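Notes for the structure review
This is what each chain is made of:
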Amino acid sequence: MKRSKPFLLLMLADFVARSAYQMGKTPLLPIFAAALGASGAFLGLIVSVSTVTGLFLKPLFGILSDRWGRRVWLLIGAGFFTLMPFLYGFIRTPEQLLIIRLIHGLATAIYGPVTLAYIAEISRKDKTAEDIGWFQLARSGGYIVGPALAGWLLLTLDAAAVFTIIGLISCAVFLPILNLPETRPTEKRKRKPIFQQIKSAIRDGGRTPAVWLTGGLEAVTFIALYTLKAFLPIYALEAGVSVALVGLYFSLNEAAHVLGKPFGGRLGDRWGYLPTISLGMLLLAASLPLVRLLDQGLVFLVPAALMGLAQALIFPAAVALVSDRINPEHLGAGMGLIGMMQNFGKVAGPVLGGLAITALGYEATLVGLSLMLALGIAVIWGFFTPRRPIVTRL
């Protein structure tokens, strides 16, 4: 299916922005923080603090884009992507780096909900999940290109110089954004006061079951995935498994996830969003206990591919479900709310996973995470699927 010009422009903008942003995260940021003297828990806080920004502010930026339009907030986000990397050259202490990372997180806190709301508004109703899948394919491409490019530049340049290059690359984001049309014309009617609109949007989102369903399920999914990301390498080393095999595991997982997104989105449009999300969570729940096969050689890679496909089924359909169910006036708010819950899963995953592993061990934790996902499927079919009306015969 041919995509519209605004769709392709936004894909390009997000790919460039995310590639540059990921250059500044892995492996550049930990190296830069360590060179400044950060270590241990404080270094971990520096690496993760930008996620905390989105945890609190994504709903707000989604609401503001509902009020003033998507394009202006995409330009503001591009400004943060571009300006912040140039400030890293002036940082001299770990505390300064923490503050800069907190502010830099505003870039993704804006782009997350606003770009998804933009795509949802310009997509056909019967193609929403597929379009989101293609869009997220470009976004995920940045997660592949960014770290590789940063690692290559670090061979010849110091960290501060690489951050300057990141700022220069980010300037290119303005070109496609400036050519984007607004998704809907500015209305002449009188707007609600800003605080009243925020209250109304949060209330509407809170009363929309699809928001809590998809946000909650994605939070649970991210808790499982980020627990695995944090502790699988340690588990593998303790079992005497090659680090190269673990790296191959994560590469295959991400490849299946990225390449499967358009397929997962198309399936969601055809089968329905709830059945597709359920299938993805079932696949993920079945795959987690298989990670215990890591001492079985290449068989260990089977759950990697299955879990990547599971993510491809869950995420495009989840976003499309919210866009379909929420009041169109509060679409950005809905995207922000589920983004907030995603970030909660990313932050909480390693913490909760670490506590569970300490108390129960690796294998029991994997089984527990699998059962948690299975419970999510039960919630879908127990409370959120439509029921046939009871017909009383006279």
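Placed above this text is the structure.
Here we summarise the structure given alongside this text. (Residues numbered from 1 in each chain as written. Predicted model: local features only at pLDDT ≥ 70, side-chain atom pairs only at ≥ 80, totals over all residues. Heavy atoms only, no water.)

With that settled, the discussion passes to the packing of aromatic side chains. Evaluation of the coordinates by the stated rule reveals nine aromatic pairs. Ring centres of F61 and W73 lie 5.6 Å apart, and the angle between their planes is 50°; on these two criteria the pair is classed as tilted. Here W73 lies in helix α4 (residues 70–87) and F61 lies in helix α3 (residues 40–68), a separation of twelve residues in the sequence. Residue class for W73 comes out buried when judged on its relative accessible area of 11%. What links up through ring pairs into an aromatic cluster is the set Y21, F81 and Y111. Positioned above the aromatic ring of F222 is the side chain of K346, whose terminal nitrogen or guanidinium carbon lies 5.2 Å from the ring centre. (Phe/Tyr/Trp six-rings, centres within 6.5 Å; stacked < 30°, edge-to-face > 60°. Helix = DSSP H or I, 4+ residues; strand = E, 2+ residues; numbered from the N terminus. Buried < 20%, exposed > 50% of the residue type's maximum accessible area, 1.4 Å probe, protein only. Lys NZ or Arg CZ within 6 Å of the ring centre and 35° of its normal.)

This next bit is on helix α13 (residues 301–325). Taking 1.5 Å per residue, 25 residues should reach 36 Å; α13 reaches 37 Å between its end C-alpha atoms and fits that length. With respect to burial, α13 is a largely interior element, 19 of its 25 residues being buried. (Expected span 1.5 Å × (residues − 1).)

This brings us to the environment of G205. Mapped onto the elements, G205 comes out in helix α9 (residues 194–206). You can call G205 buried: its relative accessible area is 0%. In the structure, G205 is positioned 129 residues away from G334 in sequence and 5.9 Å away in space, judged by C-alpha atoms. Setting aside anything within four residues of it in sequence, one finds G205 in contact with V211, W212, I326 and L337. (Contact = heavy atoms within 4.5 Å.)

The subject of this paragraph is the environment of L154. Structurally, L154 can be placed in the loop between α6 (128–153) and α7 (159–170). Measuring from C-alpha to C-alpha, the distance between L154 and L28 comes to 7.8 Å, with 126 residues separating the pair along the chain. Residues within four places of L154 in sequence aside, it is in contact with P27, L28, I31, A159 and V162.

Core analysis: the biggest nonpolar cluster contains 84 residues, and Y111, Y249 and I277 have the highest contact counts within it. With 14 residues, the single largest contributor to this core is helix α10 (residues 209–238). When residues no more than four places from it in sequence are discounted, the contact partners of Y249 are L228, L232, V291, F300, L301, P303, A304 and M307. Counting residues in each nonpolar core, the second largest holds 23 residues, with M23, L29, V49 and I100 among its members. (Core = buried A, V, L, I, M, F, W, Y, C linked by side-chain atoms within 4.5 Å.)

There is a patch of like positive charges on the surface, built from K192, K199, R203 and R207. Among the structural elements, R207 can be located in the loop between α9 and α10. R207 gets classed as exposed once you look at its relative accessible area, which sits at 64%. (Patch = residues over 30% accessible without salt bridge, like charges linked within 9 Å, V, L, I, M, F, W, Y side chains within 5 Å. Areas by Shrake-Rupley, 256 points an atom, 1.4 Å probe, with all protein chains shown as cover. Salt bridge = Lys/Arg side-chain N within 4 Å of Asp/Glu carboxyl O. Lys, Arg positive; Asp, Glu negative; His and termini not counted. Charge placed at Lys NZ, Arg CZ, Asp CG, Glu CD.)

In this section: the packing of helix α1 (residues 5–23) against α6. Axis separation between α1 and α6 bottoms out at 7 Å; the angle between their running directions is 30°. By the criterion of interaxial angle, the relationship of α1 to α6 is roughly parallel. Handedness of the crossing formed by α1 with α6: right-handed. (Axes fitted to C-alpha atoms, helices over the stretch in contact; angles between N-to-C directions. Parallel < 35°, antiparallel > 145°, perpendicular 65-115°, else oblique. Left-handed = near helix turned anticlockwise from the far one by under 90°.)

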